[in-house]
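# Breakdown of the fold
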Amino acid sequence: MFDMKRVIFIGQAMPRAKRNPHDWPSLNSWLHSIGVTDDQIKENFLYSALVDYFPGSKNGSHLVPTELEIKNERKRLEKTIKDFSPEIVVTIGKLSLSHCLQKEVTLLNEFIGKVYKADPYNLYGKEILIIPFPHPSGASTWYKKPENRKLLDQTLSLLKKNLT
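Residues numbered from 1 in each chain as written. Predicted model: local features only at pLDDT ≥ 70, side-chain atom pairs only at ≥ 80, totals over all residues. Heavy atoms only, no water.

## Focus: the overall build of the chain
Which entries qualify depends on this criterion: What counts as a helix is a DSSP run of H or I of at least four residues, what counts as a strand is a run of E of at least two, and both are numbered from the N terminus. Throughout this description, buried means an accessible area under 20% of the type-specific maximum (1.4 Å probe, protein chains only), exposed means over 50%, and partly exposed covers the range between. Each accessible area is a Shrake-Rupley result for a 1.4 Å probe, and residues are judged covered by the shown protein chains and nothing else. Positive charge is attributed to Lys and Arg, negative charge to Asp and Glu, and no charge count is given to His or to the chain ends. Every charge is mapped onto a representative atom, which is NZ of Lys, CZ of Arg, CG of Asp or CD of Glu.
When its secondary structure is counted, the chain shows 6 helices and 7 strands. Counting from the amino terminus, helix and strand elements in the chain follow one another as β-α-α-β-β-β-α-α-β-α-β-β-α. Taking the principal axes of the C-alpha coordinates as reference, the chain spans close to 40 × 35 × 35 Å. Here the chain holds 164 residues, and 48% of them are scored as buried. Of the roughly 8,800 Å² of accessible surface on the chain, 51% is carried by carbon and sulfur atoms. Separation between the mean location of the 24 positive side-chain charges and that of the 18 negative ones in the chain comes to 3 Å.

## Re the environment of alanine 139
As for its placement among the helices and strands, alanine 139 is situated in the loop between strand E7 (128–133) and helix H6 (146–162). Considering only alpha carbons, one finds alanine 139 and histidine 62, 77 residues apart in sequence, at a separation of 10.0 Å.

## Side note on the pattern of salt bridges
Rule in force here: Any Lys or Arg side-chain nitrogen located within 4 Å of an Asp or Glu carboxyl oxygen qualifies as a salt bridge.
Going through the model one piece at a time under the given rule, you end up with 4 salt bridges. Between lysine 82 and glutamate 78 there is a salt bridge; the shortest N-O distance is 2.9 Å. Here lysine 82 pairs with glutamate 78, and both are found in helix H4 (residues 74–84), just 4 residues apart, close to one helical turn. Among the residues examined, glutamate 78 registers a relative accessible area of 25% and is labelled partly exposed. A salt bridge links lysine 79 to aspartate 83; the nearest nitrogen and oxygen atoms lie 2.5 Å apart. Taken as a pair, lysine 79 and aspartate 83 lie in helix H4 at a separation of 4 residues, close to a single helical turn. Considered together, lysine 79 and aspartate 83 belong to a single accessibility category, that of exposed residues.

## Quick word on the packing of aromatic side chains
What counts here: Note on aromatic pairs: the rings of Phe, Tyr and Trp (six-membered ring only in Trp) are paired at centre separations within 6.5 Å, and the planes decide the class, stacked below 30 degrees, edge-to-face beyond 60, tilted for the rest.
Enumeration according to the criterion identifies 7 aromatic pairs in this entry. Consider the rings of phenylalanine 9 and tyrosine 47, whose centres lie 5.3 Å apart with planes at 80 degrees: the pair is edge-to-face. Here phenylalanine 9 is found in strand E1 (residues 7–13), whereas its partner tyrosine 47 is found in strand E2 (residues 45–51), with 38 residues between them in sequence. The class of phenylalanine 9 is buried, set by a relative accessible area of 0%. Plain terms: the ring middles of tryptophan 30 and phenylalanine 133 are 6.0 Å apart, the flat faces sit at 55 degrees to each other, and that makes the pair tilted. Of this pair, tryptophan 30 sits in helix H1 (residues 25–32) while phenylalanine 133 is found in strand E7, placing the two residues 103 residues apart along the sequence.

## Observations regarding the nonpolar core
If you look at soluble globular proteins, the nonpolar side chains tend to sit buried side by side. Keep this limit in mind: As used here, the term nonpolar core means buried Ala, Val, Leu, Ile, Met, Phe, Trp, Tyr and Cys residues forming a set that is joined through side-chain atoms within 4.5 Å. Contact criterion: two residues are considered in contact whenever any of their non-hydrogen atoms come within 4.5 Å of each other.
With 48 residues, the main nonpolar core has Phe9, Phe45 and Phe133 as its most contacted residues. Elements represented by at least two residues in this core include exactly E1, H1, E2, H4, strand E5 (88–92), helix H5 (93–101), E7 and H6. A per-element tally of this core places E7 first, with 5 residues. Residue contacts for phenylalanine 45: discarding those within four places in its chain leaves Met4, Lys5, Val7, Phe9, His22, Leu31, Val36, Gln40, Phe84 and Leu163.

## Some thoughts on H4
Threshold: Think of the arc as the fan of directions from the helix axis to the C-beta atoms.
Among the residues of H4, those classed as buried are Leu77, Thr80, Ile81 and Phe84. The buried residues of H4 occupy one face: seen down the axis, they fall within an arc of 95 degrees. Exposed and facing more than 90 degrees away from the buried side of H4 are Lys75, Lys79 and Asp83. Residues of H4 that are buried in the fold lie against E1, helix H2 (38–44) and E2. The first or second residue beyond H4 is serine 85, which carries a positive phi of 55 degrees.

Given below as structure tokens:
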């Protein structure tokens, strides 16, 4: 096993239930596709979110956290980031990405497949590598479109290249 950088993955909110801290099968399958093992995930990666709880659902879809909920969780997110001390932040979805880079994100296509250097969420006090991911949920159709799948493959290659 090679030395791997510490990576924090930050989505918009936690799921309704998790069996363990790395219980994200769809994301893990993407990581497995670039040769990352479950042991490496447990040892080097942390999964977190803008809000550290499930914000509820409506008509079967997860609710998006409000700006107030996100603001109320900033101190917790800052502590999480600083305590973990990541070398790379992977944002999951548009909401996390826009908060991470402090800019509006209307089209994921303009960001996926690229890397950025920034102070993540303006909370870390230093610039590190940011790699945007689309949301890997089964409800998302974005990554299933052929042109977007190419961007996802590019992003996974960028992560793999930067892990060591």
